[in-house]
Amino acid sequence: MTNAVAGLGLAPDAAMVTFPIEMFLPGSDISPLDARRQEFYDGLTRWRSAFDRGGDGEAPMLRVEGASAEDALARFNHQMLANRWGDGLPLWPPTRERVDWILRGAAQPRARTLGAFPPRGGVTTVESCAIALAMAGGRPEYLPVLVAAVEAFLDPESGSEALQAASGSAFPVVIVNGPIGARIRLNAGFGCLGPDPQRPAGASIGRALRLLQQNLGGALPGIGTMANYGGLRHTNLVFAEDEASLPAGWAPHGTERHGFAPGTSSISLAFANGATNIRRRGAKKETPEEDALQGMHRMADFMRVPNMAGLAGYEHGTPGIVMIPGVVAQTMAGLGWTKASMREFFWEYSRIPLADLRRAGGPAWIEIDTSKVARESLAVDPWPITAQPDNFLIVVAGGGHPTNSYWLQGYSPGVVGRPVPLPADFERLIAEAERDLGPAAP
Amino acid sequence: MISLEFHDPSGAIEVKQPHAARVTALGGKRVGFVSNEQWQAYRMLPRLKTLLEADFPGIEVLPIDAFPQGNGVIGSEETAALVKASGVDAVIIGNAA
């Protein structure tokens, strides 16, 4: 709550009366209100903000000392955790030298303000991004993608202000299109959502974004974010679309959703709160047509659940992101499927019969939704899980193997795209990456 | 001794406006509620209204539904304008969890 107050431009405290969560549950005993009513009265009369300054000023430099380099590094990491600035894994110290090195990847001035990170409202600059990226083990050539992702995150259309604090455990998903993905060793193939020493960019960029969410945005578990589980938040998800495997006539995601010209380096940010592997391939003697159709049904059947996650983006966002590997995209295209026809299929076959929706209490959530389009959707039986087929995101990514597809359940009021401008000496940064990391994997 | 100097990663906070001034006493004042209708607000806020009315003679506590309710509307400029126009001296906002 203090995060939200600070995010409104007020001092980061507020007159609050807090109670254990049990009092907020249906049928609870609310008599503790009587016993503590003086706290409410004091909040209206005697309370004063402890912050009377116009701002906290520039972030200072901090210092640790150790008997050896190893000892100093350990003390630094202890301090990160003690101040609630870490994520439990070892961090690189954001020294002046390392942050300056990261800033060689900046296409904008280091002091440029990108916005206030919600809900706490931490002033977010290009330098803030470089500090987080340094801590996350990043490199300068990653910075353009991180800055673009942060800009998208801070766009009110993303819904990040609410999702940062909400209990639904949303995590940002950053889809990268254009040549920058391969240049900075961002994974689009096998294991693209997980750790990969050959293609480490996604883990560092996503971890840096998470550190910003926590340290500037105040999304500290149980305090600033009520995310019950917080899955996939160590690194969020940052990956590239496998554009080299896109079938002829299939546009990249950034072009379809955001209108970027093909070949434009861009990012697309959405929020998800689930990640599920779906066994797509058939197991016996299916024809190619049967194999494709059964796989499509298996995916749509998984989407047809009344858990209300997609309601957040019913009108303008997305119910989720479908990931299919390039080999499957090629096969589907050969059978006449397009991304558009797949979206139509998912929209049609993920509809939920109203009787099932009522049994699960879904209409109550829909009736209180802020979107008129969502509220009016209750008149449709079976109920479409999103307002229109175009809201489904389909991305070609994943290893060259046909068995599985992936479903990232959306919890995403919007899907925000940004181009990725590059610094003038970007090619030099890539050459230095070759020097430091060896040749990029094919 | 090795010294390691590094940037504070928590950034800065810009305070743009002060909190609302507090009233000196509640007796004879006009108090409103802004409710998101979540987390048992429909039970707790009426209880608070009753307590305020019992403890402070002359207080006027507006009905719980005097202003638009629900998470989707209570943060809007329109609701803020309605609260200002009502002439309340103080407001209680609830509930969060």
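For the structure, check the block above.
Scoring rules and cut-offs
- Residues numbered from 1 in each chain as written.
- Chains lettered and ligands numbered in written order.
- Predicted model: local features only at pLDDT ≥ 70, side-chain atom pairs only at ≥ 80, totals over all residues.
- Heavy atoms only, no water.
- Helix = DSSP H or I, 4+ residues; strand = E, 2+ residues; numbered from the N terminus.
- Rg over C-alpha atoms; globule rule 2.2 N^0.38 Å.
- Buried < 20%, exposed > 50% of the residue type's maximum accessible area, 1.4 Å probe, protein only.
- Contact = heavy atoms within 4.5 Å.
- Areas by Shrake-Rupley, 256 points an atom, 1.4 Å probe, with all protein chains shown as cover.
- Lys, Arg positive; Asp, Glu negative; His and termini not counted.
- Charge placed at Lys NZ, Arg CZ, Asp CG, Glu CD.
- Expected span 1.5 Å × (residues − 1).
- Buried area = accessible area lost by both parts, 1.4 Å probe.
- Salt bridge = Lys/Arg side-chain N within 4 Å of Asp/Glu carboxyl O.
- Polar contact = N/O pair within 3.5 Å; in protein donor to acceptor, adjacent residues only side chain to side chain.
- Phe/Tyr/Trp six-rings, centres within 6.5 Å; stacked < 30°, edge-to-face > 60°.
- Lys NZ or Arg CZ within 6 Å of the ring centre and 35° of its normal.
- Pairing = 2+ DSSP bridges.
- Patch = residues over 30% accessible without salt bridge, like charges linked within 9 Å, V, L, I, M, F, W, Y side chains within 5 Å.
- Axes fitted to C-alpha atoms, helices over the stretch in contact; angles between N-to-C directions.
- Parallel < 35°, antiparallel > 145°, perpendicular 65-115°, else oblique.
- Left-handed = near helix turned anticlockwise from the far one by under 90°.
- Nonpolar A, V, L, I, M, F, W, Y, C, P; charged D, E, K, R; others polar.

Q: For the overall build of chain B, give the residues involved together with the corresponding values.
A: Along the backbone of chain B there are two helices and four strands. Ordered by position in the sequence, the α and β elements of chain B form the string β-β-α-β-α-β. In terms of overall dimensions, chain B is more spread out than a globule: its C-alpha atoms have a radius of gyration of 19 Å, far above the 13 Å expected for 97 residues. Each principal axis of the C-alpha atoms in chain B carries an extent, and together these give about 70 × 30 × 25 Å. A total of 97 residues make up chain B; the buried ones form 43% of that total. The contacts of chain B with a sequence gap of at least 6 include a subset with a gap of at least 24, amounting to 73%. For chain B, the accessible area works out to roughly 5,100 Å², and carbon and sulfur atoms hold 53% of it. In chain B, the 8 positive side-chain charges and the 11 negative ones have mean positions that sit 7 Å from each other.

Q: Can you break down helix 7 (residues 143-154) of chain A residue by residue, with the values?
A: The end-to-end C-alpha separation of helix 7 of chain A is 16 Å, in line with the 16 Å expected for 12 residues at 1.5 Å each. Where burial is concerned, most of helix 7 of chain A is hidden: 12 out of the 12 residues are buried.

Q: Outline the interface of chain A and chain B, listing residues and values.
A: The interface is formed by 69 residues belonging to chain A together with 42 residues belonging to chain B. Of the roughly 5,000 Å² buried between chain A and chain B, counting both surfaces, carbon and sulfur atoms make up 65%. Our count for the contact surface shared by chain A and chain B stands at four salt bridges. Counting across the interface, chain A meets chain B through 15 residue pairs in polar contact (both at pLDDT 80 or more).

Q: For the packing of aromatic side chains, give the residues involved together with the corresponding values.
A: One pass over the structure, following the stated rule, counts 10 aromatic pairs over all chains. Summarising the aromatic geometry, the rings of Phe76(A) and Phe6(B) are spaced 4.8 Å apart at their centres and angled 80° between planes, so their arrangement reads as edge-to-face. With Phe76(A) in helix 4 (residues 69-82) and Phe6(B) in strand 1 (residues 2-7), this residue pair bridges two chains. Judged by relative accessible area, which is 0%, Phe76(A) ranks as buried. Here Phe6(B) falls in the buried class, since its relative accessible area comes to 0%. When the ring centre of Trp92(A) is taken as origin, the NZ or CZ atom of Arg98(A), which lies over that ring, is 3.7 Å away.

Q: Pulling in residues and values, what's your account of the sheet that holds strand 3 (residues 60-61) of chain B?
A: Residues and elements named next belong to chain B. Taken in spatial order, the three strands line up as 3-2-4 in an open sheet, and their pairing is parallel. Each having just a single partner strand, strand 3 and strand 4 (90-94) make up the two edges of the open sheet. Relative to strand 4, strand 2 (residues 30-35) runs parallel, the two being bridged by five bridges. For Phe33, the partnering residue across the bridge sits in strand 4 and is Ile92.

Q: Tell me what's going on with unusual backbone geometry, and back it up with residues and numbers.
A: With the exception of glycine, most residues fall at negative phi, and the peptide bonds are largely trans. Between Pro118(A) and the following residue, Pro119(A), the backbone shows a cis peptide bond with an omega angle of -5°. Here Pro119(A) lies in the loop between strand 2 (113-117) and strand 3 (122-125). Between Gly94(B) and Asn95(B) the backbone carries a cis peptide bond, its omega angle lying at -5°. Relative to the assigned elements, Asn95(B) resides in the segment after strand 4. In the Ramachandran plot, Trp39(B) falls in the positive-phi region, its phi being about 55° despite a non-glycine side chain. Structurally, Trp39(B) is set in the loop between strand 2 and helix 1 (41-55). A relative accessible area of 35% means that Trp39(B) is categorised as partly exposed.

Q: Can you explain a nonpolar patch on the surface? Please cite residues and give values.
A: Side chains of Ile21(A), Leu25(A) and Trp39(B) sit close together on the surface and give an oily, nonpolar patch of about 260 Å² of accessible area. Relative to the elements of secondary structure, Leu25(A) occurs in the loop between helix 1 (2-7) and helix 2 (32-35).

Q: Explain the environment of Ala424(A) to me, and be specific about the residues and the numbers.
A: Residue and element names in this part refer to chain A. Mapped onto the elements of the fold, Ala424 is located in the loop between strand 10 (416-419) and helix 18 (426-437). The class of Ala424 is exposed, set by a relative accessible area of 92%. Spatially, the C-alpha atom of Ala424 lies 24 Å from that of Gly206, the residues being 218 residues apart in sequence.

Q: Quick one: what's the story with the pattern of salt bridges, residue by residue and with numbers?
A: All names here are of chain A. Taken as a whole, this structure holds 31 salt bridges over all chains when the rule is applied. Here Glu241 makes a salt bridge to Lys339, at a shortest N to O gap of 3.0 Å. With Glu241 in the loop between strand 5 (237-240) and helix 11 (253-258) and Lys339 in helix 14 (residues 339-349), the pair connects residues that are 98 residues apart, well separated along the chain. Lys339 shares its class with Glu241; the two are buried. The structure contains a network of salt bridges with shared partners spanning Glu241, Glu256, Lys339, Arg343 and Asp390.

Q: I'd like a rundown of the packing of helix 12 (residues 288-303) of chain A against helix 14 of chain A, residues and numbers included.
A: Residues and elements named next belong to chain A. Closest axis-to-axis distance for the helix 12/helix 14 pair is 9 Å, and the angle between their directions is 50°. As judged from the angle between their axes, helix 12 and helix 14 are oblique. Between helix 12 and helix 14 lies a crossing whose hand is right-handed. Here helix 12 contributes Leu293, Met296, His297, Met299, Ala300 and Met303 to the contact with helix 14, which in turn contributes Met342, Phe345, Phe346 and Tyr349. The residue inventory of the contact of helix 12 with helix 14, partitioned by class, reads nine nonpolar, one polar and no charged.

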